[in-house]
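Below are the chains, spelled out letter by letter.
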Amino acid sequence: MLKVVAKWGGFRDIRHALPPCDRPCEEILQPVCGTDGKTYDNDCFFKIAKCKDRSLDIKHDGECDDGCPVFCPLYVDPVCGTDGRTYGNYCTLAARAKCEDPTLNEAYPGVCKNGW
């Protein structure tokens, strides 16, 4: 019996029918960046994603650069975020929104009234 190692865990008997887009891929790290902004471990994993979304293309070889971390100037001009926290300046709030919490926005300029 022939067995294939698959990334999604363990062994899979290839005699069983796989869903149309799923197929085993080798664990070789040769990353490619998709136009969806996601990094795929290699071309095989990208092709699985493309099978599920035909509009997807390879943007470039290598990992996607999401622009994080963001480096901000060290001046103080506090802003209050919609999460109730005070940020040192708008850049630090925007960096957190971009890299960690896309729902975060500026509530108002200045220190948050709750003291955070």
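Residues numbered from 1 in each chain as written. Predicted model: local features only at pLDDT ≥ 70, side-chain atom pairs only at ≥ 80, totals over all residues. Heavy atoms only, no water.

Engineer: Please explain the packing of aromatic side chains as it appears in this structure.
Structural biologist: Remark: the centre distance and the inter-plane angle together describe each pair of aromatic rings, the angle taken between the planes. Under the defined criterion, the tally for this structure stands at one aromatic pair. The interplanar angle of 80° and the centroid separation of 5.7 Å between the aromatic rings of Y40 and F46 together place this pair among those described as edge-to-face. Taken as a pair, Y40 and F46 share a single burial class, namely buried. The positively charged end of K113 is found above the aromatic ring belonging to Y108, 4.3 Å away from the centroid. (Phe/Tyr/Trp six-rings, centres within 6.5 Å; stacked < 30°, edge-to-face > 60°. Buried < 20%, exposed > 50% of the residue type's maximum accessible area, 1.4 Å probe, protein only. Lys NZ or Arg CZ within 6 Å of the ring centre and 35° of its normal.)

Engineer: Is there a simple way to think about the sheet that holds strand β6 (residues 79–81) in this case?
Structural biologist: As a general point, the strands of a sheet are linked pairwise by backbone hydrogen bonds and lie either parallel or antiparallel. Reading across from one edge, β7-β6-β8 is the order of the three strands in this open sheet, with antiparallel pairing throughout. A single partner strand is all that each edge strand has here, and the edge strands are β7 (86–87) and β8 (106–109). In the packing of helix α2 (residues 90–99) onto the sheet, contacts are made with β6, β7 and β8, and the angle to β6 comes to roughly 20°. (Pairing = 2+ DSSP bridges. Helix = DSSP H or I, 4+ residues; strand = E, 2+ residues; numbered from the N terminus. Contact = heavy atoms within 4.5 Å. Axes fitted to C-alpha atoms, helices over the stretch in contact; angles between N-to-C directions.)

Engineer: For this particular structure, what's the right way to read the state of the cysteines?
Structural biologist: Between two cysteines, a covalent bond joining their sulfur atoms is known as a disulfide. Per the stated rule, a full pass over the model turns up six disulfides. Note that C25 is cross-linked by a disulfide to C44, the S-S spacing being 2.0 Å. Between C25 and C44 the disulfide shows an S-S torsion of about -75°. By sign, it is left-handed. Of this pair, C25 sits in the loop between β2 (11–13) and β3 (32–34) while C44 is found in helix α1 (residues 43–52), placing the two residues 19 residues apart along the sequence. With a relative accessible area of 2%, C25 lands in the buried category. Accessibility expressed as a relative area gives 17% for C44, which makes it buried. One disulfide in the model links C68 with C99; its S-S distance is 1.9 Å. Note on the C68 and C99 pair: the S-S dihedral is about -100°, so by sign convention the disulfide is left-handed. (Disulfide = S-S within 2.5 Å.)

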